[in-house]
Amino acid sequence: MSPKEQIQSLRDELREHNYNYYVKDHPTISDFEFDKKLEQLKTLEAAHPEFYDATSPSVRVGGEVTKNFRTVKHINRMYSLDNSYSTEDLKDWETRIKKIVDGDISYVCELKYDGASISLHYENGTFVQAVTRGDGNQGDEVTANVRTIKSVPLQLKGADVPTKFEIRGEIVLPWEGFYKMNEEREAQGLDVYRNPRNTASGSLKLQDSAEVAKRPLDCLLYSLAGEHLPVKTQSDSLEFARKWGFKVPKESKLVNSIEEVFEFINYWDVARRELPYETDGVVVKVNSLRQQEELGFTAKSPKWAMAYKFAAEQVTTRLEEITYQVGRTGSITPVANLKPVEISGTTVRRASLHNADQIEKLDIRVGDEVYVEKGGEIIPKIVAVDVSKRPENSVPTVYATHCPECHTALVRNEGDAKHYCPNEMACPPQVKGRIQHFISRKAMDIDGIGSETVDQLVEAGLIHNYADLYDLTVEQVLPLERMAQKSAENMINGIAASKQVPFERVLFGLGIRYVGETVAKKLAKHYKNIEALFKMPAEPEKENLDLFADVSSAVEKKTEELTAVPEIGERIAESVVAFITDPHQLDMVKRLQSSGVQLALSEEQLEGQTDKLVGKSFVISGVFEMSRNDLKKLIEDNGGKVSSSLSSKTDYLVRGENMGPSKLEKAEKLGITMISESAFLEMVEGSNR
Ligand code: AMP
Ligand code: ZN
C-alpha cells in the first residue's frame, strides 16, 4: 500500500471505531488498539503533510487556538421555543394550531437536552462549520472546538446525504464526565462547576481546542435545515440524521394525540433521572413539515413546536443550623443543615448557601421553613424562605466573623464573593489541604502517602507544611497508627523520589491560588527557574523629584511583568505577586530548594529553547515540509506565540503551500510580513546556533 492508501485506510477504520464508540455506544476494539492505530495515523500524517485533511480522526485531539471567535450570520435563523408548564398550556396550544392547519396532527415528542445549542454545517458529506446560537440571528464560529467532540461526525455516510445542509442540536456534558471534571477541580482547590449546562457552553468558548478535546462533551442532534432535503416529516429527519452517522437520541417518540404527549411527559418526568445527561423538559413538534410550514413562526419561536418544562422538584423543610466550611485555600462556604428530606429520590441534609450575600438576600434564619430545590445542579439549593411560618423569636443571621477551625478573624477582599480565613500557615484544613495538594498526582505525585496519612502527620505535629515532608524519617513515622516498617520506608522513599519531579509540577504543587496545571506550565516555560519568577523589581526611589520618573511600585511592576506573559491575566498575576511577597511562602520554597526539589527547568527541557521570538506573534497557514505541530513547537520554544487567526497584532504569517486566498488577502490588507518555511527556519536557526 502507498502511504496515501495507508493513511486513507487508517482514517476510514478509525472513523468507524469512533462511530461505534461514541455514537452507537458499542465499541468493537479496545482503547489500547484504537490508540495504537491513531498513533500510527498521526505518524504517517506527520511524514506526509501533503495529505492533510481537516476531517481526519487525528484532528479530534485539537490544537488549534482561537483568540477571537468570528461572528457568523445564521443562514436559517435559530429560534427559541415557547414554554409551557402544564397540560392546560399544551391543550391551549393544540386548540390554537388546529384552527390554522387542516387534517389530523401527529407530534414528535423529544427530550429537551440541557446544554448549548449548536448548528453544524456539512458540505458534500464533510463537516465544515459549527456556530453557536448567539442571539438567533448570528452566533460565534466554534468549528475548531466542535471538531474535537468525538460524536460529531466529520464525514457522513450514505448515498442520500444532501450536498449542503445544516443540522442542529445540543452540546451536552454528561453527568459522569461532569463529576469527574469537578473531582479534578476539587483536587486542585478550585471552585467546582455548578452545572453541566454552563460548563458545556463555557467549553465551546475555550481558546485552546486541545483543552476542549479533553472534556467529555457529547453532541445530540434533533433537526435539519436547508433546501431540497429528502424528508417530509420531523420523524424522517431524525431517522435520516441517524443513518448519516449523527447521534440522535432514541427516546423520541411519534404520537397521534395530545393525550399521548402527556403520557410521554409523565413517563420521562421520572425516567429522566436515569439518563446519562441533564434534561429540563420535553419538546413537542408537529410532525408534518407541510403543516409546520403552514403554521410558521412568531417573532421569536416556531408556532409548530412547544417546550414543556419539567418542574424542578421542590420541598419544604426546616433549617436547623448554619455551619461554615473551610476549603484548602481558606475560602469559607456557609452550609445550611436541614431537617432530612427526600427530593427526587435522594435524602437531602445539607444545601450550600454560597456566601454572605446569598444569606442576606434570602434573609434566611435558623428555624425557618425553607424551600429546597434540586434542579440541574449537583448541590441542592435553597430558593426561598416561607416567612409566614417564621417562629416569633427568630433573629436575623449574623455571618461568621471567625474561622470555625482556627478562630482567626475572617476577611473579605473587595470584589470577592467569599470570606477567607487568612491564617494560611496554621488553619488545620488549609494546612492539610495544601499538603494534600502538594503530594497529589498532578503535582508531586508522592507514592506511599494518602490523604489520611497527611491528616495523621499533621495531627501528630510531625509536619506543618509541605517543606517539612523532606525532613521526615522512618523512625519518626513508625509510631503512627497502622504504620509498618515497609509502609514507612515506602513513604520516605516516595518523598525522596519526588525530588526528581519537574519544575512545572512543583510550581503547581505550591498551591498558589489560580495557578493550575496549565498556568504553572506557562510560567515555568517563560521564567525557566524560580529565581526569575520570584524576583521582585526594585522599589522606585522615594525622593525622586522628577515628575516623569516611573514611580510605580515593585508590586505594580511585577504584576505588569506577569500579565505580559502569554495567557496570564491580572487575577493570576496578582495572586502570584501576593505569594512571592509573603515571607512565609518564600521561606518554605527556600527549604524545598535546600532539600533538592527541582526549581528550574532541566537541561533537557531547556534544550532548543531561546528568546529569539519573544513578543512576536505568528500565524501559520498552508501545508509545510515539517508537521504543523513541530512548527508550532519551534515557535513556542523560541518564545513566540502562535495564534489561529490574523489580526493587526500578528507579526508574521508563515506561509505554506496551498494557503487559502482569503487569508492571503487579509494578510496583505493588514500589511503582515509573510515568510516562507525556509525563511522562518533561517530566523530561528540562522543567527546564534
Ligand atoms: P429556550 O432556550 O428555552 O428558548 O429553548 C430553546 C432551546 O432548547 C433550543 O435553542 C435548543 O437549544 C434547546 N433544545 C434542547 N432539546 C431540544 C430539542 N429536542 N428540540 C429543539 N430544541 C431543543
Ligand atoms: Zn482558619
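Residues numbered from 1 in each chain as written. Chains lettered and ligands numbered in written order. Predicted model: local features only at pLDDT ≥ 70, side-chain atom pairs only at ≥ 80, totals over all residues. Heavy atoms only, no water.

Chemist: Explain the overall build of the protein here, please?
Modeler: When its secondary structure is counted, the protein shows 25 helices and 20 strands. The globule rule puts the C-alpha radius of gyration for 689 residues at 26 Å, and the 29 Å found for the protein is close to it. Its C-alpha atoms put the protein at 85 × 80 × 65 Å along the principal axes. In the protein, buried positions account for 48% of the 689 residues. Across the protein, contacts joining residues at least 24 apart in sequence account for 68% of those joining residues at least 6 apart. Put simply, the protein shows about 35,000 Å² of open surface, and 48% of that area lies on carbon and sulfur atoms. A gap of 3 Å separates the mean positions of the 88 positive and 108 negative side-chain charges of the protein. (Helix = DSSP H or I, 4+ residues; strand = E, 2+ residues; numbered from the N terminus. Rg over C-alpha atoms; globule rule 2.2 N^0.38 Å. Buried < 20%, exposed > 50% of the residue type's maximum accessible area, 1.4 Å probe, protein only. Contact = heavy atoms within 4.5 Å. Areas by Shrake-Rupley, 256 points an atom, 1.4 Å probe, with all protein chains shown as cover. Lys, Arg positive; Asp, Glu negative; His and termini not counted. Charge placed at Lys NZ, Arg CZ, Asp CG, Glu CD.)

Chemist: So what exactly am I meant to see when it comes to the sheet that holds strand S9 (residues 253-255) here?
Modeler: Two strands in a sheet stick together by hydrogen bonds in their backbones, pointing the same way (parallel) or opposite ways (antiparallel). The five strands lie next to each other as S2-S11-S10-S3-S9, forming an open sheet whose pairing is mixed. Only two strands of the sheet have a single partner each, and these edge strands are strand S2 (83-84) and S9. In terms of strand pairing, strand S10 (residues 279-286) meets strand S11 (residues 305-309) through five bridges, oriented antiparallel. Looking at the pairing, Lys 285 lines up with Ala 305 of S11. Running at roughly 175° to S11, helix H3 (residues 87-100) makes contact with S2, strand S3 (107-113), S10 and S11 of the sheet. Along the sheet, helix H9 (residues 258-271) makes contact with S3, S9, S10 and S11, crossing S3 at roughly 25°. (Pairing = 2+ DSSP bridges. Axes fitted to C-alpha atoms, helices over the stretch in contact; angles between N-to-C directions.)

Chemist: Whenever I open this one, the pairing of strand S19 (residues 652-655) confuses me. Can you help?
Modeler: The side chains of a regular strand alternate between both faces of the sheet. Bridging between strand S17 (residues 617-621) and S19 involves four bridges; their strand directions are parallel. Residue pairing across strands places Ser 621 opposite Arg 655, the latter belonging to S19. Pairing between S19 and strand S20 (residues 673-676): four bridges, direction parallel. Note on S20: the bridge partner recorded for Val 654 is Ile 675. Once you follow S19 into helix H24 (residues 661-670) and on to S20, the crossover reads as right-handed. (Right-handed = clockwise from strand over helix to strand, strands pointing away.)

Chemist: Looking at this structure, how should I read the site of ligand 1?
Modeler: Around ligand 1 lies a shell of 13 residues, among which Glu 110, Arg 133, Glu 170, Tyr 222 and Lys 285 are the nearest. Residue Arg 133 places a side-chain N or O atom 2.6 Å away from an oxygen atom belonging to ligand 1. Among the elements of the structure, S3 and S10 are those that each provide at least two residues to the shell around ligand 1. It is S3 that provides the largest number of residues to the shell around ligand 1, a total of four residues. Each residue belonging to the shell around ligand 1 can be placed in one class, and the counts come to five nonpolar, two polar and six charged. (Near = heavy atom within 4 Å. Polar contact = N/O pair within 3.5 Å; in protein donor to acceptor, adjacent residues only side chain to side chain. Nonpolar A, V, L, I, M, F, W, Y, C, P; charged D, E, K, R; others polar.)

Chemist: Just to check I follow, could you spell out the pattern of salt bridges for this structure?
Modeler: When charged atoms on two side chains of opposite charge get close, those side chains can pair. Under the definition given, this model contains 39 salt bridges. For Asp 160, the salt bridge identified is with Lys 243, shortest N-O distance 2.9 Å. You can see Asp 160 sitting in the loop between helix H4 (143-146) and strand S7 (164-172) and its partner Lys 243 sitting in helix H8 (residues 234-244), a full 83 residues away along the chain. Put simply, Lys 442 and Glu 184 hold a salt bridge, and the shortest N to O gap is 3.3 Å. Taken together, the residues Lys 442 in the loop between helix H12 (428-439) and helix H13 (451-459) and Glu 184 in helix H5 (residues 175-187) connect sequence positions 258 residues apart. Each of the salt bridges in this network shares a partner with another, and the network as a whole consists of Asp 363, Arg 365, Asp 368 and Arg 390. (Salt bridge = Lys/Arg side-chain N within 4 Å of Asp/Glu carboxyl O.)

Chemist: I tried to follow H8 on my own but got confused; where do I start?
Modeler: Each turn of an α-helix holds 3.6 residues, which means side chains three or four residues apart point in the same direction. Buried within H8 we find Gln 234, Ser 237, Leu 238, Phe 240, Ala 241 and Trp 244. For H8, the secondary structure elements touched by its buried residues are S3, S7, strand S8 (218-225), S10 and helix H10 (289-295). Just past H8, the residue Gly 245 takes up positive phi, approximately 115°.

Chemist: I would appreciate a short explanation of the packing of H3 against H9 in the present structure.
Modeler: The description of two packed helices rests on the angle between their axes and on the distance between the axes. Running from amino to carboxyl end, H3 crosses H9 at an angle of 150°, the nearest separation of the two axes being 11 Å. Between H3 and H9, the crossing angle belongs to the class labelled roughly antiparallel. The two elements H3 and H9 cross, and the hand of that crossing is right-handed. Seen from H3, the contacting residues are Thr 87, Leu 90, Lys 91, Trp 93 and Glu 94; seen from H9, they are Ile 258, Val 261, Phe 262 and Ile 265. Tallied by class, the residues present in the contact of H3 with H9 amount to six nonpolar, one polar and two charged. (Parallel < 35°, antiparallel > 145°, perpendicular 65-115°, else oblique. Left-handed = near helix turned anticlockwise from the far one by under 90°.)

Chemist: Just to check I follow, could you spell out the nonpolar core for this structure?
Modeler: Soluble globular proteins tend to pack their nonpolar side chains together in the buried interior. Grouped together as the largest cluster of nonpolar side chains are 56 residues, with contacts concentrated most on Leu 469, Leu 507, Leu 510, Leu 523 and Leu 592. If you count residues domain by domain, this core takes at least three from each of domain 4 (428-500) and domain 5 (503-606). Not counting chain neighbours up to four residues away, the residues in contact with Leu 523 comprise Leu 507, Val 515, Lys 528, Leu 533, Leu 562, Ile 568 and Val 576. Counting 38 residues, the second largest nonpolar core, distinct from the first, contains Phe 165, Ala 200, Cys 219 and Leu 229. (Core = buried A, V, L, I, M, F, W, Y, C linked by side-chain atoms within 4.5 Å. Domains from an automatic or database assignment.)

Chemist: In this structure, what is going on with the coordination of the zinc ion (ligand 2)? I would like to understand it.
Modeler: Each donor-metal-donor angle in an ideal tetrahedron of four donors is 109.5 degrees, and each such angle in an ideal octahedron of six donors is either 90 or 180 degrees. Note on the zinc ion (ligand 2): its protein donors are Cys 403 (SG), Cys 406 (SG), Cys 421 (SG) and Cys 427 (SG). The metal-donor distances range over 2.2 to 2.4 Å. Every donor counted, the four donor atoms about the zinc ion (ligand 2) form angles of 98 to 113° at the centre, which fits tetrahedral coordination. All donors of the zinc ion (ligand 2) belong to a single chain; written as a sequence motif, their spacing is C-x2-C-x14-C-x5-C. Here Cys 403, found in the loop between strand S16 (381-385) and H12, pairs with Cys 427, found in the loop between S16 and H12; they are 24 residues apart in sequence, far enough to count as distant. Neither Cys 403 nor Cys 427 differs from the other in exposure class; each is buried. (Donors = N, O, S within 2.8 Å, 3.2 Å for Na, K, Ca; no water. Tetrahedral: all angles 85-135°; square planar, octahedral: opposite > 155°, others 65-115°.)

Chemist: How do you make sense of the domain arrangement of the protein when you look at a structure like this?
Modeler: It is common to give the size of an interface as the accessible area that goes away when the parts come together. In terms of domain boundaries, the protein breaks down into domain 1 (3-61), domain 2 (73-309), domain 3 (313-421), domain 4 (428-500), domain 5 (503-606) and domain 6 (617-683). A C-alpha centroid distance of 31 Å is found between domain 5 and domain 6.

Chemist: In this structure, what is going on with the sheet that holds S20? I would like to understand it.
Modeler: The strand order across the open sheet built from four strands is S18-S17-S19-S20, with neighbouring strands paired in parallel fashion. Since the sheet does not close on itself, it has two edges, and those belong to strand S18 (641-642) and S20, each with one partner. Of the strands in this sheet, S17, S19 and S20 touch helix H25 (residues 677-685), which is tilted by about 95° from S20.

Chemist: Hey, could you run me through the environment of Gly 656 in this one?
Modeler: Topologically, Gly 656 is positioned in the loop between S19 and H24. For Gly 656, a relative accessible area of 16% corresponds to the buried category. Sequence-distant contacts of Gly 656, that is, excluding residues within four places in its chain, are made with Ser 621, Gly 622, Val 623 and Phe 624.

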